[in-house]
Amino acid sequence: MNYKEAYKKLETCNQLHILNHYETLDKTQQQTLLDEIALTDFSVLAISKKKEPAARGFITPIEAMELAEIEEKKETYQALGMQAIKDGKVGAVLLAGGMGTRLGSDQPKGMYNIGLTKNLYIFERLIHNLMDITKESGTNIHLFVMTSDKNHVATTAFFEEQNYFGYDKNYIHFFQQEMAPASDYNGKAYMEKPWKIATSPNGNGGWFSSMIKSGMTNIMKQAGIEWLNVFAVDNVLQRIADPVFLGAILDKNYLSGSKVIKKAAPDEKVGVMCLENGHPSIVEYYELTEEMKKKTNEKGEPAYNFGVILNYFFHAPTLETLAKKELPLHIVEKKIPHIDESGNYVNPQTPNGYKYESLILDMIYMMDTCLPFEVIREKEFAPIKNKTGVDSVESARMLLQKNGVEL
Ligand code: UTP
């Protein structure tokens, strides 16, 4: 993109201030900026002007497949899911493009060492969880790892250095998600440097469109993969490519599934599965009204009781048919380091603007069917979000030890 084209693009979306320092930059910096302008989608910034979040549809409870029912049909489900794995129909997608700001480490979250007497990296733990299934099935499973501009180089170098933790490296594929500009409260993009727009990963909702753009879906199709198990980097206890989970979805003839856990308390901060206008959906904890929190089902149990843990199965061909549909954008208030008008670097201590993200949980609403599949919290949910306290390295270590994992 040349200067004239960049000027035109920015003028259309009201972001001409991005070129304010252009004349003072050297040739390389000028080109870096023009390239970044070409690659950035500024249309997201227009939504900052709409103050009201999009209204939700009509929310009603959804029935989950609970532990007792799963136990009863476990063998059937296991056989169905295992056959699909052996037939090469299953792939896994690790979402690792996030910034992990709450953990406060500069490195990718997966590089965090949770070991006590030996090294045990989060990535290592996840790969070994997946290897439980590759060994049991005698089948290699393609793993697609999503990174972002902020952590791609460090992540790929770490896998190489660690020899892919014993996984066949021909079955691990890295791809990068897109970045979105961060802005002030008026929707004006912040600049990180005179030649660099302040950008951040655009949320975990764009994973499939990034898989398409980066050619990952070609690998997927060549391998005959029909089902993708998508999971977060931070849950060190989760089961990946779980045959029983997939078998239950196949048995029901559904298009997706979500692992869920019973909420620990009515006001626990997790999104819960529901129906929205008759479609499977996820309602965020802050969207639950008092009435919804108190509502019970015919068994007398809370009606909105199953929290999501970011472990989903999606039918890939269905995702392809939906690829053109846009996900809603979420505006998140954040502290955004930037340069001011005179070019001085500002590192704010309080929020000063917005980041724009699309979320994977909104993909569930696009599916006609989704199976909420209950798992035991203590056995499958140990997320590492914070340094200490709830959902922290400490709590995850305790849960790992309870499950017999040597640290
Ligand atoms: P979180 O919502 O916990 O976000 O991500 P985060 O960026 O990792 O952490 P904080 O909020 O800054 O502390 C849930 C999952 O989605 C992935 C994360 O890597 C994690 O596996 N994710 C999140 C992405 O892959 N890309 C994103 O843009 C955001």
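Residues numbered from 1 in each chain as written. Predicted model: local features only at pLDDT ≥ 70, side-chain atom pairs only at ≥ 80, totals over all residues. Heavy atoms only, no water.

**Quick notes on the pattern of salt bridges**
Scanning the model with the defined rule gives 17 salt bridges in all. The salt bridge involving Lys385 is made with Asp234; its shortest N-O contact spans 3.0 Å. Taken together, the residues span a long stretch of sequence, with Lys385 in the loop between helix H13 (377-380) and helix H14 (393-402) and Asp234 in the loop between strand S9 (227-232) and helix H9 (243-252) at a distance of 151 residues. We note a salt bridge from Glu374 to Lys262, for which the minimum N-O separation is 3.7 Å. (Salt bridge = Lys/Arg side-chain N within 4 Å of Asp/Glu carboxyl O. Helix = DSSP H or I, 4+ residues; strand = E, 2+ residues; numbered from the N terminus.)

**A closer look at helix H4 (residues 74-86)**
The first and last C-alpha atoms of H4 sit 18 Å apart over 13 residues, in line with the 18 Å expected at 1.5 Å per residue. All of the buried residues along H4 are Tyr77, Gly81, Met82, Ala84 and Ile85. An end-on view of H4 places all buried positions within 155° of arc, on one side of the element. If you follow the buried residues of H4, they end up packed against helix H3 (67-72), strand S2 (90-95), helix H5 (122-137) and H9. Positive backbone phi, approximately 75°, marks Gly88, located one or two places after H4. (Expected span 1.5 Å × (residues − 1). Buried < 20%, exposed > 50% of the residue type's maximum accessible area, 1.4 Å probe, protein only. Arc of directions from axis to C-beta. Contact = heavy atoms within 4.5 Å.)

**Structural notes on the environment of Met191**
Summarising the element assignment, Met191 is placed in strand S6 (residues 191-193). Between the alpha carbons of Met191 and Asp340 there is a distance of 8.1 Å; along the sequence they are 149 residues apart. Setting aside residues no more than four positions away along its own chain, Met191 makes contact with Ile18, Leu33, Lys196, Ile197, Ala198, His338 and Ile339.

**Thoughts on the site of the ligand**
Taken together, the neighbourhood of the ligand is formed by 18 residues, with Leu95, Thr101, Gln177, Val233 and Lys385 sitting nearest. Between Met99 and the ligand, the recorded distance is 2.9 Å, taken from a backbone N or O atom to an oxygen atom. Gly203 places a main-chain nitrogen or oxygen 2.9 Å from an oxygen atom of the ligand. Starting from 570 Å² of accessible surface for the ligand in isolation, the protein chains cover 87%. Here the shell around the ligand is built from residues that sort into eight nonpolar, seven polar and three charged. (Near = heavy atom within 4 Å. Polar contact = N/O pair within 3.5 Å; in protein donor to acceptor, adjacent residues only side chain to side chain. Areas by Shrake-Rupley, 256 points an atom, 1.4 Å probe, with all protein chains shown as cover. Nonpolar A, V, L, I, M, F, W, Y, C, P; charged D, E, K, R; others polar.)

**Quick look at unusual backbone geometry**
A positive phi angle is found at Ala241, which is not glycine, with a value near 50°. Within the secondary structure, Ala241 sits in the loop between S9 and H9. According to the relative accessible area criterion, Ala241 is buried, its value standing at 1%. Positive phi, normally seen in glycine, also occurs at Leu310, with a value near 60°.

**Notes on the packing of aromatic side chains**
Evaluation of the coordinates by the stated rule reveals 15 aromatic pairs. Centroid distance Tyr185 to Tyr354: 5.1 Å. Interplanar angle 80°. Geometry classified as edge-to-face. Taken together, the residues span a long stretch of sequence, with Tyr185 in the loop between strand S5 (179-181) and S6 and Tyr354 in strand S17 (residues 353-357) at a distance of 169 residues. Judged by its relative accessible area of 35%, Tyr185 is partly exposed. In this structure Tyr354 comes out as buried when scored by relative accessible area, which is 19%. Three or more aromatic residues joined by ring pairs make a cluster, and in this case those are Tyr121, Phe123, Phe158, Phe159, Tyr164, Phe165 and Phe174. (Phe/Tyr/Trp six-rings, centres within 6.5 Å; stacked < 30°, edge-to-face > 60°.)

**Structural notes on the packing of H4 against H5**
Following both chains from N to C, one finds H4 and H5 inclined at 85°, their axes separated by 10 Å at the closest point. Overall, the two elements H4 and H5 adopt an arrangement that is roughly perpendicular. Here Gln78, Met82, Ile85 and Lys86 of H4 lie close against H5, whose contacting residues are Ile133, Glu136 and Ser137. Class assignment for the residues of the contact of H4 with H5 results in three nonpolar, two polar and two charged. (Axes fitted to C-alpha atoms, helices over the stretch in contact; angles between N-to-C directions. Parallel < 35°, antiparallel > 145°, perpendicular 65-115°, else oblique.)

**Regarding the environment of Asn119**
Structurally, the position occupied by Asn119 is in the loop between S2 and H5. The sequence separation of Asn119 and Leu407 amounts to 288 residues, and the corresponding C-alpha distance is 7.8 Å. Setting aside residues no more than four positions away along its own chain, Asn119 makes contact with Asn113 and Glu124. Polar side-chain contacts of Asn119 include one of 3.4 Å to the side chain of Tyr121.

**Remarks on the side chain of Thr318**
Mapped onto the elements of the fold, Thr318 is located in helix H11 (residues 316-322). Those residues in contact with Thr318, other than ones at most four positions away along the chain, are Leu255 and Met367.

**Describing the packing of helix H1 (residues 3-12) against helix H2 (residues 27-39)**
Between H1 and H2, whose axes approach to 10 Å, the crossing angle comes to 45°. Taken together, the axes of H1 and H2 lie oblique to each other. Both H1 and H2 take part in a crossing whose hand is left-handed. Touching Tyr3, Ala6, Lys9 and Leu10 of H1 are Leu34, Ile37 and Ala38, all from H2. Split by residue class, the contact of H1 with H2 holds six nonpolar, no polar and one charged. (Left-handed = near helix turned anticlockwise from the far one by under 90°.)

Just distances and angles here, no functional claims.
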